[in-house]
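Reading the structure
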Amino acid sequence: MEYEALAKERLPKMIYDYYASGAEDQWTLKENRNAFSRILFRPRILVDVSKIDLTTTVLGFKISMPIMIAPTAMQKMAHPDGEYATARAAAGAGTIMTLSSWATSSVEEVASTGPGVRFFQLYVYKDRNIVAQLVKRAEKAGFKAIVLTVDTPRLGRRESDIKNRFVLPQNLTLRNFDGLNLGKLDKTDDSGLASYVAGQVDRSLSWKDVKWLQSITPLPILVKGVLTAEDARIAVQSGVAGIIVSNHGARQLDYVPATITALEEVVQATQRRVPVFLDGGIRRGTDVFKALALGASGVFIGRPVVFSLAVDGEAGVRKTLQMLHDELELTMALSGCRSLAEITRNHVVAPWDPPRVASKL
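So, here's what we can say about the structure. Here the structure is a predicted model, which means the values were calculated and not measured.

Structural notes on the overall build of the protein chain
Looking only at helices and strands, the protein chain has 13 helices and twelve strands in total. For 361 residues, the compact-globule formula gives about 21 Å, and the C-alpha radius of gyration of the protein chain, at 20 Å, lands near that figure. If you line up the protein chain on its principal axes, its C-alpha atoms span 70 × 45 × 40 Å. The 361 residues of the protein chain split such that 55% are buried. Counting only contacts in the protein chain whose residues sit at least 6 apart along the sequence, the fraction spanning at least 24 positions is 73%. Per element, the accessible surface of the protein chain, about 15600 Å² overall, is 53% carbon and sulfur. Between the centroid of the 45 positive side chains of the protein chain and the centroid of its 38 negative side chains there is a distance of 3 Å.

Listed below in structure tokens is the structure:
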């Protein structure tokens, strides 16, 4: 949390606001955090916790902890090293980075930082040739999965971006689109990003396009932006490799529930046929534990990465990942869990749970 305050001091207002703000009244932005505080622990005692294992497997890739990096756009606005620094920090921590379509470094540039498991987040443009080309470039650059964002047929109303007339700083471009003359955001009386999305992103995107995407790439597809059981069921039927429960960092539709509140509904609807991940509001190891106890296979973090990147580049991101790792390990020890498999629903109590009645002796 302290990185956010430091980032606010360091970054120009337009840039800090772009990273920090949510849609409209920002009710969901606050709720993404507040909902975690209403979930409490039921720790088990006198368990031998001298050895604790945080490792897990995501889509067949072994990672050091169930904490991965969510796609966040335009990281060079935060720090000159941008996505390069984030990629190196993720690889150094032994976890997965998701690169945004709207990164200020290209898939090839990020791949050049060295080894590491990376996913590519995809926005579907009106021109499908552009999409197919981008997916092929990600494949060729060694990215291991496509994260399809499904909650953005239009950009949410982010009022600080409108007031600030948000635009990419002069020296930066959306590197993945440079060769296609789609790398620049034009100055407008509105948010430059909202205008760009209105012009380029396909509002007609539907489930049949998930099938189309599967037909053009062998890479597994995760859908990011699912909040209901109904859509979780369709996602499973559509053959997705996994689901990311996300409200886009509360930047799209305001007054949707916090992702931690929506998580269990989605997990139950999938009947554990695909892994479900949580994105949104994670700031502590305790938050990660709560998500795992409610059925998540792992979590993705967004803002903590950009804020720590802004303050201290690669070292900042590494520190954020290390803190979350250490806090999760401690939470597990104090809850009596030696491995992720030992974290169960009985380790937490949520506001929607029926009251517990002590069993008769």
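So much for the structure itself; the text now carries on.
A few points about the pairing of strand β11 (residues 298–301)
Within a regular strand, the side chains alternate between the two sheet faces. Of the two faces of β11, the one carrying G298 and F300 and the one carrying V299 and I301 are both buried. Bridging between strand β4 (residues 67–69) and β11 involves three bridges; their strand directions are parallel. The partner of M68 across the bridge, within β11, is F300. Where strand β10 (residues 276–279) and β11 come together, three bridges link them in parallel fashion.

Comments concerning the nonpolar core
Burial of nonpolar side chains together is a common tendency in soluble globular proteins. Of all hydrophobic cores here, the largest spans 109 residues; its most connected members are M74, W102, L122, I243, I260 and L263. Of the residues forming this core, the biggest block, eleven residues, is contributed by helix α13 (residues 303–335). Within the second largest apolar cluster, twelve residues are counted, among which are A70, F119, A145 and L222.

So, the packing of helix α6 (residues 128–140) against helix α9 (residues 207–216)
Their axes nearest at 11 Å, the elements α6 and α9 cross at an angle of 45°. Relative to α9, α6 is oriented oblique. Relative to α9, the crossing made by α6 is right-handed. Each of R128, V131, A132, V135, K136 and E139 in α6 lies in contact with α9, whose residues at this interface are D209, W212, L213 and I216. For the contact of α6 with α9, the residue count by class is six nonpolar, no polar and four charged.

So, the packing of aromatic side chains
Aromatic ring pairs are described here by two measures, namely the spacing of the ring centres and the angle between the planes. One pass over the structure, following the stated rule, counts eleven aromatic pairs. Residues Y18 and F166 carry aromatic rings whose centres are separated by 4.5 Å and whose planes lie at 10° to one another, so their mutual orientation is stacked. One end of the pair, Y18, is in helix α2 (residues 13–20); the other, F166, is in the loop between α7 (159–164) and α8 (192–200), with 148 residues separating them in the sequence. By relative accessible area, which is 0% here, F166 ends up buried. Among the aromatic residues, those joined into a ring-pair cluster are W102, Y123, Y125, F177 and Y196. Stacked on the ring of W212, the Lys or Arg R128 has its end atom at 5.4 Å from the ring centre. Directly above the ring of F41 sits K290, whose terminal nitrogen or CZ lies 5.3 Å from the centroid.

Section: empty space enclosed by the protein
To locate leftover empty space, one rolls a probe as large as a water molecule over the atoms. Within this structure, the stated rule accounts for two cavities of 30 Å³ or more. Lining the largest cavity are 29 residues; nearest its centre among them are P71, T72, H248, G249 and R251. Contributing elements (two or more residues each) for the lining of the largest cavity: α2, β11 and α13. Per-element tally for the lining of the largest cavity: the top contributor is α13, with three residues. For the second largest cavity, the full set of lining residues is V124, L148, L205, D209, V210, W212 and L213. Tallying contributions element by element places α9 first for the lining of the second largest cavity, with four residues. Of the residues that constitute the lining of the second largest cavity, the class distribution is six nonpolar, no polar and one charged.

So, the environment of R33
Within the secondary structure, R33 is located in helix α3 (residues 27–37). For the pair R33 and T259, spaced 226 residues apart in sequence, the C-alpha separation works out to 9.5 Å. Beyond its immediate stretch of four places on either side in the chain, R33 contacts M1, G281, R283 and D287.

Examining the side chain of T217
Among the structural elements, T217 can be located in the loop between α9 and β8 (221–226). Note on T217: relative accessible area 6%, which makes it buried. Discounting residues that sit within four places of it in the chain, T217 has contacts with V135, K136 and E139.

A few points about the side chain of Q121
Among the structural elements, Q121 can be located in strand β6 (residues 118–122). A residue is classified by how much of its surface remains accessible, and Q121, at 1% relative accessible area, is buried. Reaching out from Q121, the side chain makes a polar contact with the side chain of T149 at a distance of 2.9 Å. Contacts of Q121, omitting those with residues within four sequence positions, involve P71, T98, L99, S100, S101, V147 and T149.

Scoring rules and cut-offs
- Numbering of residues starts from 1 in each chain and follows the order in which that chain's sequence is written.
- Reporting of local features is limited, given that this is a predicted model, to residues whose pLDDT is at least 70; pairs of side-chain atoms are given and counted only at 80 or more, and all residues count toward the totals for whole chains, interfaces and linings.
- To get the side-chain values, take all heavy atoms of the structure and skip hydrogens and water.
- Here a strand is any run of E in DSSP of at least two residues, a helix any run of H or I of at least four, and the numbering for each starts at the N terminus.
- Throughout, the radius of gyration refers to the C-alpha atoms, and the reference size of a globule is 2.2 Å times the residue count to the power 0.38.
- Burial classes follow relative accessibility: with a 1.4 Å probe on protein chains only, a residue under 20% of its type's maximum area counts as buried, one over 50% as exposed, and anything between as partly exposed.
- Note on contacts: a residue pair is in contact if any heavy atoms of the two residues lie within 4.5 Å.
- Calculation of accessible area relied on Shrake-Rupley with a 1.4 Å probe; when residues are assessed, cover is drawn exclusively from the protein chains displayed.
- Positive residues here are Lys and Arg, negative ones are Asp and Glu, while His and the chain termini are left out of the count.
- The atoms used to mark charge sites are NZ of Lys, CZ of Arg, CG of Asp and CD of Glu.
- Only strands joined by at least two bridges in the DSSP assignment are considered to pair.
- What makes a nonpolar core is a set of buried Ala, Val, Leu, Ile, Met, Phe, Trp, Tyr and Cys residues whose side-chain atoms join them at distances within 4.5 Å.
- A fitted line through C-alpha atoms represents every axis, and for helices the fit uses only the stretch in contact; the resulting angles, taken between N-to-C directions, go from 0 to 180 degrees.
- Should an angle lie under 35 degrees it is considered roughly parallel, over 145 roughly antiparallel, and from 65 to 115 roughly perpendicular; all remaining angles are considered oblique.
- A clockwise turn of the near helix away from the far one marks a right-handed crossing, whereas an anticlockwise turn of less than a right angle marks a left-handed crossing.
- Polar here means any residue outside two lists: the nonpolar Ala, Val, Leu, Ile, Met, Phe, Trp, Tyr, Cys and Pro, and the charged Asp, Glu, Lys and Arg; Gly therefore counts as polar.
- Ring pairs shown here join Phe, Tyr and Trp side chains whose ring centres sit within 6.5 Å, with only the six-membered ring taken for Trp; geometry is labelled stacked below 30 degrees between planes, edge-to-face above 60, and tilted in between.
- The rule for a charge over a ring is simple: NZ of Lys or CZ of Arg within 6 Å of the ring centre, and within 35 degrees of the ring normal.
- In this analysis, the protein atoms alone were mapped onto a 1 Å grid. Cavities are point sets where a 1.4 Å probe fits without being able to get out; pockets are open sets with protein on both sides within 12 Å along at least five of seven lines; lining residues have an atom within 4 Å of a point.
- Grid points are joined across faces, edges and corners, and a volume is the space filled by probe spheres set on the points.
- Polar contact criterion, stated in full: a pair of N or O atoms within 3.5 Å, where within protein one must be able to donate a hydrogen and the other to accept it, and residues adjacent in sequence count only if both atoms are side-chain atoms.

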